[in-house]
Amino acid sequence: TTTKLVHYSEMSIKMTTKKYAFSASILLIVATVTVNTLGSFQGLRRAQSVRRSLQATSYLEDKVLPFDAICPAETPPKHGTLHNKNEKVIAHYNNFMTGVTSRLNKGDDTPQLVTRKNVKYAFWNKGSQYQASMWALKNPNDFLDAEKGGFMKPKPEDAKKVRAKVFKGDWAVFHGMWFKSYGHFGHDHLPTIAFLRESVPKSTKFLLMDHPIARRAIQEIDPTFYRRITWIQPNTVYHIMGSLTVAVRREFTHPVGCCGQFDPLRNWMANSLPEDPPKKTVVYYQRRGSGSKSRLLDEENERQVLEHIAAAMQRQGLTEKLVLFNGRNPETNETMSVYDQFRLFRSAKTVIGPEGSGIGGNFVYTKPNPQNCDERVQLLEFMGGRDTPEIHDGTTMATHYQSIRKWPIEYHNIYFTPESNKWTTFVNLDELDSALNAMWGNSEVN
């Protein structure tokens, strides 16, 4: 049989789900799925009496294997596998990536939990960074001093602002940079939100920065948790008459430390979205049509890339479907729902494509609980390097690898070729074949 090239939105997917709440928020999901779907719901939560009583006060979920136990030989992660004809280029990639990750991997990456009572809180619009302040109700000089972790001293004029609202009880709050970006929400925000969610009692309510991306994502990931959230606005002072818990990262702008920071998110994904579709896919991320204008793969080159992927799948005997993904429904040109994107990436055996938010925002929906190196999802990412100075100023590390290294993924790279520029990119087809054969079977290019 020949490999079928299909578009995700063209798959015959008809699903009806009914959700019944019982026994203190245990959800039973009943799904009827017709032929040609990506899969059916599996691994639904067990409703044991002991479990129900414990869940009333805290989270007791099936834990995924710790990150460092999945593939010990590649922990801590140093770099991916670059497929290139030039051994000197490979050596530079390995040395550069190892140098960067060796600094990033130092120390523990678990955020510090800080809880204070009767405080004021605000997050400030400082460009893309959105730093926050937390200080005592009657003393602005008694503030959380953690500038590297994203918390700053409130300015005198800010400290005197009229309160927007008083929140009573126990609360947790998160703020992050680039919160209007789907990609950054996935790999920067969700891990810390998941850490807070797992660290505080279930009775604790949450304050989160208001944006449609966050609302849609959390509502579809975990409707029960969504109901615990109050959405707040920037440059507004809130009074907390009770306790407020924050998670202070070692560095606000970089995911430093290694490598259990994403384990709470992996637990959350495995339990809130336990589905493991039996029909697997090879997902090709296509920036053309996604709304992006930069780093679009040349149209003819992209056609050849897809032909080579399909040929490699047939040559290696893969039975998965090759699926094109650009984040949009081609029939309506609307953004795909978060659940549909989750479902597609959870079905992926391999994800291939240029670096960008389509990968950076969705790799956290890939398989969260592999048991060994071989069960990890494969990612082949096209990226810029020294020979493409117009792409991220020729920076080799201009990918999401800083975050991807904390997810159980088998990571591969191909550089864009030298004729690539900010707007149009190309990849070498021989290097693509080398990468595909390395991932799927014979490492020698035929």
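Our subject is the structure listed above.
Remember, it's a predicted structure, so these values are computed and weren't measured experimentally.

What to know about the nonpolar core
Part 1: Within the largest apolar cluster, 57 residues are counted, with the highest numbers of intra-cluster contacts made by Ile218, Trp268 and Tyr365.
Part 2: In terms of residue count, helix 5 (residues 182-199) provides more of this core than any other element does, seven residues in total.
Part 3: Counting residues in hydrophobic clusters, the runner-up holds 24 residues, among them Val282, Leu297, Ala312 and Leu318.

Looking at the pattern of salt bridges
Part 1: Here the structure, examined in full by the defined rule, presents 16 salt bridges.
Part 2: Taking the shortest distance from any N to any O, the salt bridge between Asp109 and Lys406 comes out at 3.2 Å. In this pair, Asp109 is assigned in the loop between helix 3 (87-104) and strand 5 (112-123) and Lys406 in the loop between helix 12 (401-404) and strand 19 (409-415), connecting sequence segments 297 residues apart. In this pair, the class of Asp109 matches that of Lys406, namely buried.
Part 3: For Arg197, the salt bridge goes to Asp222, with nearest N and O atoms at 3.5 Å. Of the two residues, Arg197 sits in helix 5 while Asp222 sits in the loop between helix 6 (212-221) and helix 7 (223-226), which places them 25 residues apart along the sequence.

Some details on the packing of aromatic side chains
Part 1: Throughout the structure, instances matching the rule amount to 13 aromatic pairs.
Part 2: Between the aromatic rings of Phe167 and Tyr238, the centroid separation amounts to 5.7 Å while the plane-to-plane angle is 35°, which identifies the pairing as tilted. Here Phe167, found in strand 8 (residues 165-174), pairs with Tyr238, found in strand 11 (residues 238-248); they are 71 residues apart in sequence, far enough to count as distant. Considered together, Phe167 and Tyr238 belong to a single accessibility category, that of buried residues.
Part 3: The interplanar angle of 85° and the centroid separation of 5.1 Å between the aromatic rings of Phe325 and Phe345 together place this pair among those described as edge-to-face. With Phe325 in strand 14 (residues 321-325) and Phe345 in helix 10 (residues 338-346), this pair connects stretches of sequence that are 20 residues apart.
Part 4: A connected cluster of aromatic rings, assembled from ring pairs, spans Phe167, Trp171 and Tyr238.

Looking at the state of the cysteines
Part 1: Counted by the stated rule, this structure contains two disulfides.
Part 2: Sulfur-sulfur distance for the disulfide between Cys71 and Cys373 comes to 1.9 Å. Around the S-S axis, the bridge from Cys71 to Cys373 shows a dihedral of about 100° and counts as right-handed. With Cys71 in the loop between helix 2 (67-70) and strand 4 (81-82) and Cys373 in the loop between helix 11 (357-360) and strand 18 (377-383), this residue pair connects regions lying 302 residues apart in the sequence.
Part 3: Taking the relative accessible area as the measure of exposure, Cys71 reaches 4% and is therefore buried.

Regarding the environment of Thr399
Part 1: Looking at where Thr399 falls in the secondary structure, it is placed in the loop between strand 18 and helix 12.
Part 2: Note on Thr399: relative accessible area 9%, which makes it buried.
Part 3: When the C-alpha atoms of Thr399 and Gly384 are compared, they prove to be 8.5 Å apart, with 15 residues separating the residues in sequence.
Part 4: Excluding its chain neighbours within four sequence positions, the residues that come into contact with Thr399 are Glu381, Met383 and Tyr411.

Considering unusual backbone geometry
Part 1: Of note, the amide linkage connecting Thr75 to Pro76 takes the cis form, showing an omega dihedral of 0°.
Part 2: One can find Pro76 in the loop between helix 2 and strand 4.
Part 3: With an omega dihedral of -5°, the bond running from Cys258 to Cys259 counts as a cis peptide bond.
Part 4: Along the polypeptide, Cys259 turns up in the loop between strand 11 and helix 8 (263-272).
Part 5: Positive phi is not limited to glycine here, since Asn235 has a value of about 60°.
Part 6: Tracing the sequence through the fold places Asn235 in the loop between strand 10 (229-232) and strand 11.
Part 7: Of the residues examined, Asn235 reaches a relative accessible area of 35% and is grouped as partly exposed.
Part 8: We note that Arg295 has phi near 55°; this positive angle belongs to a residue other than glycine.

The rules behind the values
- Residues numbered from 1 in each chain as written.
- Predicted model: local features only at pLDDT ≥ 70, side-chain atom pairs only at ≥ 80, totals over all residues.
- Heavy atoms only, no water.
- Core = buried A, V, L, I, M, F, W, Y, C linked by side-chain atoms within 4.5 Å.
- Buried < 20%, exposed > 50% of the residue type's maximum accessible area, 1.4 Å probe, protein only.
- Helix = DSSP H or I, 4+ residues; strand = E, 2+ residues; numbered from the N terminus.
- Salt bridge = Lys/Arg side-chain N within 4 Å of Asp/Glu carboxyl O.
- Phe/Tyr/Trp six-rings, centres within 6.5 Å; stacked < 30°, edge-to-face > 60°.
- Disulfide = S-S within 2.5 Å.
- Contact = heavy atoms within 4.5 Å.

Function cannot be inferred from these measures alone, as they are strictly geometric.
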